[in-house]
Amino acid sequence: MITNDIEIRNLTELLKKRNLNTHKGDYGTIGIIGGSNGMEGSLLLAARAAIKIGAGKVLVGFTQNTTPFNIDFMQPELMLRTAYNLLKVDDITRIHTWVIGCGMGKNHQSINILNKAINKINNQFIVLDADALNIIAQNNLNLQESTNTLIITPHPKEAARLLKCTTLEIQSNRIQAAIELTKKYNSWTILKGYRTIVCSPENKILVSKNGNPGLASAGTGDVLAGMIGSLLTQSISIEQALPGAVWLHGAAAEYLANNNNGPIGMTASELPEAARKIRNQLCYN
Ligand SMILES: NC(=O)C1=CN([C@@H]2O[C@H](COP(=O)(O)OP(=O)(O)OC[C@H]3O[C@@H](n4cnc5c(N)ncnc54)[C@H](O)[C@@H]3O)[C@@H](O)[C@H]2O)[C@@H](O)CC1
Ligand SMILES: Nc1ncnc2c1ncn2[C@@H]1O[C@H](COP(=O)(O)OP(=O)(O)O)[C@@H](O)[C@H]1O
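Residues numbered from 1 in each chain as written. Chains lettered and ligands numbered in written order. Predicted model: local features only at pLDDT ≥ 70, side-chain atom pairs only at ≥ 80, totals over all residues. Heavy atoms only, no water.

Named according to an unreviewed UniProt entry, the chain is ADP-dependent (S)-NAD(P)H-hydrate dehydratase originating from Candidatus Kinetoplastidibacterium desouzai TCC079E. The heading Function (unreviewed entry) in the UniProt record of the chain holds the text "Catalyzes the dehydration of the S-form of NAD(P)HX at the expense of ADP, which is converted to AMP. Together with NAD(P)HX epimerase, which catalyzes the epimerization of the S- and R-forms, the enzyme allows the repair of both epimers of NAD(P)HX, a damaged form of NAD(P)H that is a result of enzymatic or heat-dependent hydration." In its Cofactor (unreviewed entry) section, the UniProt entry covering the chain states "Mg(2+)". (UniProt positions renumbered as here; feature names shortened; annotations may be inferred.)

Undergrad: Any chance you could explain the overall build of the chain here in plain terms?
TA: On a plain count of helices and strands, the chain comes out with 11 helices and 10 strands. At 17 Å, the chain has a C-alpha radius of gyration in line with the 19 Å of a compact globule built from 285 residues. Taking the principal axes of the C-alpha coordinates as reference, the chain spans close to 45 × 45 × 35 Å. For the chain, with 285 residues in total, the buried portion stands at 56%. Taking contacts inside the chain between residues at least 6 apart in sequence as the whole, the part at least 24 apart equals 68%. By element, 50% of the accessible surface of the chain is carried by carbon and sulfur atoms, the whole surface being about 12,800 Å². Taking the average place of the 27 positive charges on the side chains of the chain and the average place of its 21 negative ones, the gap between the two points comes to 2 Å. (Helix = DSSP H or I, 4+ residues; strand = E, 2+ residues; numbered from the N terminus. Rg over C-alpha atoms; globule rule 2.2 N^0.38 Å. Buried < 20%, exposed > 50% of the residue type's maximum accessible area, 1.4 Å probe, protein only. Contact = heavy atoms within 4.5 Å. Areas by Shrake-Rupley, 256 points an atom, 1.4 Å probe, with all protein chains shown as cover. Lys, Arg positive; Asp, Glu negative; His and termini not counted. Charge placed at Lys NZ, Arg CZ, Asp CG, Glu CD.)

Undergrad: Teacher, can you tell me more about the UniProt feature "domain: YjeF C-terminal" (unreviewed entry) in the chain here?
TA: Taking the UniProt record as the reference, the feature "domain: YjeF C-terminal" (unreviewed entry) is found at residues 7-282. The straight-line gap between the two end C-alpha atoms of residues 7-282 is 13 Å; of that span, 42% is helix and 14% is strand.

Undergrad: Looking at this structure, how should I read the nonpolar core?
TA: As a rule of thumb, nonpolar side chains are buried together in soluble globular proteins. Counting 56 residues, the largest nonpolar core has Ile 32, Val 58 and Leu 242 as the members making the most contacts within it. For this core, the secondary-structure elements that each account for two or more residues are β2 (29-34), α1 (40-52), β3 (57-62), β5 (97-102), β8 (188-191), α9 (220-233), α10 (238-258) and α11 (271-284). Element by element, the count of residues in this core is highest for α10, at 12 residues. Non-local contacts of Ile 32, meaning those with residues more than four positions away in its chain, are made with Leu 43, Ala 46, Ala 47, Ala 50, Val 58, Leu 59, Val 60, Gly 61, Leu 86 and Val 99. Counting residues in each nonpolar core, the second largest holds 40 residues, with Leu 86, Ile 92, Leu 114 and Leu 128 among its members. (Core = buried A, V, L, I, M, F, W, Y, C linked by side-chain atoms within 4.5 Å.)

Undergrad: Looking at this structure, how should I read the pattern of salt bridges?
TA: Between side chains of opposite charge, a pair can form when the charged atoms approach closely. Taken as a whole and assessed by the stated rule, the structure comprises five salt bridges. Among the ionic pairs, Asp 72 bridges to Arg 48, the shortest N-O distance being 2.7 Å. Taken as a pair, Asp 72 in the loop between β3 and β4 (79-82) and Arg 48 in helix α1 lie far apart in primary sequence, 24 residues in all. Both residues of the pair, Asp 72 and Arg 48, count as buried. Two residues, Lys 52 and Glu 273, come together in a salt bridge whose shortest N-O distance is 3.1 Å. Of this pair, Lys 52 sits in helix α1 while Glu 273 sits in helix α11; the two residues are 221 residues apart in sequence, bridging distant segments of the chain. Relative accessible area serves as the criterion here: at 40%, Glu 273 is assigned to the partly exposed category. (Salt bridge = Lys/Arg side-chain N within 4 Å of Asp/Glu carboxyl O.)

Shown next as structure tokens:
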């Protein structure tokens, strides 16, 4: 099996300057679903990352009956709805890319929302993360028939749930695990953890060489999910958007550590601004 490292010099689509005559519609609309009761933060982390990495518009859908708050005062650009609202016709047709699962919960309502999303969204990108993956594993949901381009982003324990094996078995052959997940779910796979793997449907394998243990803290995966969706919705090709998000995420962690904000005590909330700095430096310096 040939594997290659993720290297920024190969990700030229991320490094382009913006046209001067442009508008927010050129940078896509993303819908992010999750944030059940008590895990609202998870959804906000993904959504804030998506806007800071350059998405045109970000709609946020809580898996709750009503929105727990109507505005994110730290990021008032975000448009907060319930997941049910986002999946109604008015919103669903204007969203190009979806991220589903961050803090979504696994109760009856969350399962119902995931089923609705999978069945109603057509011919779009859907990033499935965290509890969306746990629901899929628990309920043996079959994604083979989906008209969407699916991207699954398990950490090793979620991968083990999906493949019905142990975390140790996943970790003992990560590349094989990524290939099996890709086949089982007819998806792209990002198998997270030290040396994250990106596996394409043709089993082309890319391995991350950056990042640091500062990323081993709550919510950093939510930030990655938001970044992946954000690059996809900006019309960066999937071949570049997935390794691009993984690279930027790792580079942001390195930037924070180099500036004495980690690795110890680094927080997920700090990553999007660091990633934004890095992308702009690469594009404009
Ligand atoms: N602020 C929030 O509201 C947060 C909510 N979160 C949500 O909480 C829910 C539960 O997710 P969790 O991931 O915490 O719980 P899980 O039980 O799915 O996974 C956590 C466990 O997975 C194993 N694991 C993870 N990465 C590993 C690695 N690289 N190598 C070996 N073992 C590894 C470890 O045993 C770890 O304790 C998800 O919906 C998630 O989105 C989390 O994202 C954290 C932040
Ligand atoms: N030691 C490490 N080195 C590099 N990356 C790491 C390390 N530990 C964690 N990460 C990265 O941090 C993120 C953690 O995601 P995840 O486990 O889903 O966290 P959460 O569910 O809390 O958001 C992943 O992108 C993973 O690859």
